Amino acid sequence: MTWFYKSGELSFDDWDVLVDGSIKGWQHTGLRVGTLGKDRHFHLPADNFERLIFALEGNGLTVEYREAGQSEFKSQFLVGRESVFHGPADVLYLPLGTEVKIQGVGRVIIGEAPAKNPYPVKLIPASEVPVVIRGAGRETRQVHNFGVPEHLEADRFIVVEVIVPAGNWSGAPPHKHDTFIEGVESNLEEIYYFETAVTRGVTAPVVTDPTGYLRGYSSDERDFELLEEVRSGDVGLVPHGWHGPAMAAPGYDLYFMNVMAGPDPDRSWNITDDPAHVWIRETWRHQDTDPRLPYTA
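Residues numbered from 1 in each chain as written. Predicted model: local features only at pLDDT ≥ 70, side-chain atom pairs only at ≥ 80, totals over all residues. Heavy atoms only, no water.

Enquirer: Looking at this model, I keep getting lost on the nonpolar core. Mind explaining?
Expert: The nonpolar side chains of a soluble globular protein tend to be buried with one another. One finds Val 19, Leu 31, Phe 157 and Tyr 193 to be the most contacted residues of the largest nonpolar core, which totals 56 residues. Considering every element that reaches this core, the biggest residue donor is strand E22 (residues 252–261), with seven residues. Setting aside residues no more than four positions away along its own chain, Val 19 makes contact with Leu 10, Trp 26, Thr 29, Gly 30, Leu 31, Ile 191, Val 235 and Leu 237. (Core = buried A, V, L, I, M, F, W, Y, C linked by side-chain atoms within 4.5 Å. Buried < 20%, exposed > 50% of the residue type's maximum accessible area, 1.4 Å probe, protein only. Helix = DSSP H or I, 4+ residues; strand = E, 2+ residues; numbered from the N terminus. Contact = heavy atoms within 4.5 Å.)

Enquirer: Is there a simple way to think about the layout of surface pockets in this case?
Expert: Rolling a probe over the atoms, with the probe sized like a water molecule, indicates the empty space that remains. Volume-wise, the largest pocket comes out at about 450 Å³. As for the largest pocket, its lining consists of 31 residues, and the residues nearest its centre are Arg 134, Val 160, His 175, Met 260 and Trp 269. Listed by contribution, the elements that provide at least two residues to the lining of the largest pocket are strand E11 (141–147), strand E12 (158–164), strand E17 (189–198), strand E21 (242–248) and E22. Top element by residues in the lining of the largest pocket is E21. It accounts for four residues. For the lining of the largest pocket, the class distribution of residues is 16 nonpolar, nine polar and six charged. For the second largest pocket, the full set of lining residues is Gln 27, His 28, Asn 48, Pro 114, Ala 115, Lys 116, Asn 117, Asp 155, Arg 156, Ala 261, Gly 262 and Pro 263. Of the residues assigned to the lining of the second largest pocket, the class counts are four nonpolar, five polar and three charged. (1 Å grid on protein atoms, 1.4 Å probe; cavity = no way out; pocket = protein on both sides within 12 Å on 5 of 7 lines; lining within 4 Å. Points joined across faces, edges and corners; volume = space filled by probe spheres on them. Nonpolar A, V, L, I, M, F, W, Y, C, P; charged D, E, K, R; others polar.)

Enquirer: Got a minute to help me understand the pairing of E17 in this structure?
Expert: Each regular strand displays side chains that alternate between the two surfaces of the sheet. For E17, the buried fraction is high: eight of the 10 residues fall into the buried class. Pairing geometry for E17 and E22, over 10 bridges, is antiparallel. When the sheet's bridge partners are listed, Tyr 193 is paired in E22 with Met 257. Sheet topology note: the E17/strand E20 (residues 235–238) ladder contains four bridges and is antiparallel. (Pairing = 2+ DSSP bridges.)

Enquirer: Teacher, can you tell me more about the sheet that holds strand E1 (residues 4–5) here?
Expert: Adjacent strands of a sheet form backbone hydrogen bonds with each other and so pair up, either parallel or antiparallel. An order of E1-E20-E17-E22-E12-E11-E10 is seen for the seven strands of this open sheet, with the pairing classed as antiparallel. The outermost strands of the open sheet, each flanked by one partner alone, are E1 and strand E10 (131–134).

Enquirer: So what exactly am I meant to see when it comes to the packing of aromatic side chains here?
Expert: Any two aromatic rings considered together are summarised by their centre-to-centre distance and by the angle between their planes. What the rule picks out here adds up to eight aromatic pairs. Relative to Phe 42, the ring of Trp 15 lies with its centre 4.0 Å away and its plane at 20°, an arrangement referred to as stacked. Linking Trp 15 in the loop between E1 and strand E2 (17–19) with Phe 42 in strand E4 (residues 42–44), this pair joins segments that are 27 residues apart in sequence. Judged by its relative accessible area of 4%, Phe 42 falls in the buried class. Centroid distance Phe 85 to Tyr 255: 6.5 Å. Interplanar angle 80°. Geometry classified as edge-to-face. Of this pair, Phe 85 sits in the loop between strand E6 (74–81) and strand E7 (91–94) while Tyr 255 sits in strand E22, and the two are 170 residues apart along the sequence. On the basis of relative accessibility, which here comes to 7%, the residue Phe 85 falls in the buried class. Since its relative accessible area comes to 0%, Tyr 255 is described here as buried. The residue whose ring lies beneath Lys 101 is Phe 73, and the NZ or CZ to ring-centre distance is 4.5 Å. (Phe/Tyr/Trp six-rings, centres within 6.5 Å; stacked < 30°, edge-to-face > 60°. Lys NZ or Arg CZ within 6 Å of the ring centre and 35° of its normal.)

Here it is, written out as structure tokens:
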């Protein structure tokens, strides 16, 4: 199976990236990335997917939506950002059964998942997005927790953004969530969408190659192996198994957006660390967090 796709390999119709059930073995999560412009907009008919919509970059976008049972569209402007490395953007949650139209200038990203139960539409302004600094030392990273159960009522998915400054590691120790054990571990497939850039405060030459890395490996008899260079627009899929770290190369900042969902009876994010590396968490007690974070506008 192919679990990693370079930029452009998942383009379909007008979408720069489309992850859906057409990928063999993929069924619980979806992702769309699209470029908006004067003559470029998107329309999604009402279906059984719940969605989180926000700007990757650009001044903002306008979302018109019509919920199930409604005759009129409502309109919501979402404030954007200069880039994914300039703090959160406005986020809009839409339940299943909602027809959607999106227009603006810039790029839009949509996390989605098949759902069975509708939840209220919710706008999360950028100023109210929970920004969490996780880890310590070279394992410090910034997480935008707008789509976790503690902050968003939704049916199936968990969605977050992560910023890893140059030279830092995220997802260490490697962990997994591929076996449902109530209150201990969740069973969630996971999408990684990546962006990379020259790190803040550095004047780089004209020719650069912003790069990161992603590691994943099997936790049982199911085959899974990832060790990939990642660049802007690349997508990694984690069906099961240990995954992490995601590494930002020296000189280059790394961003990724995660969409997670699975067949569990509850919506939770419980993980199990690789026992060979779990000790790493203890080292954080003796280190300070990276003073470069948080990255904001």
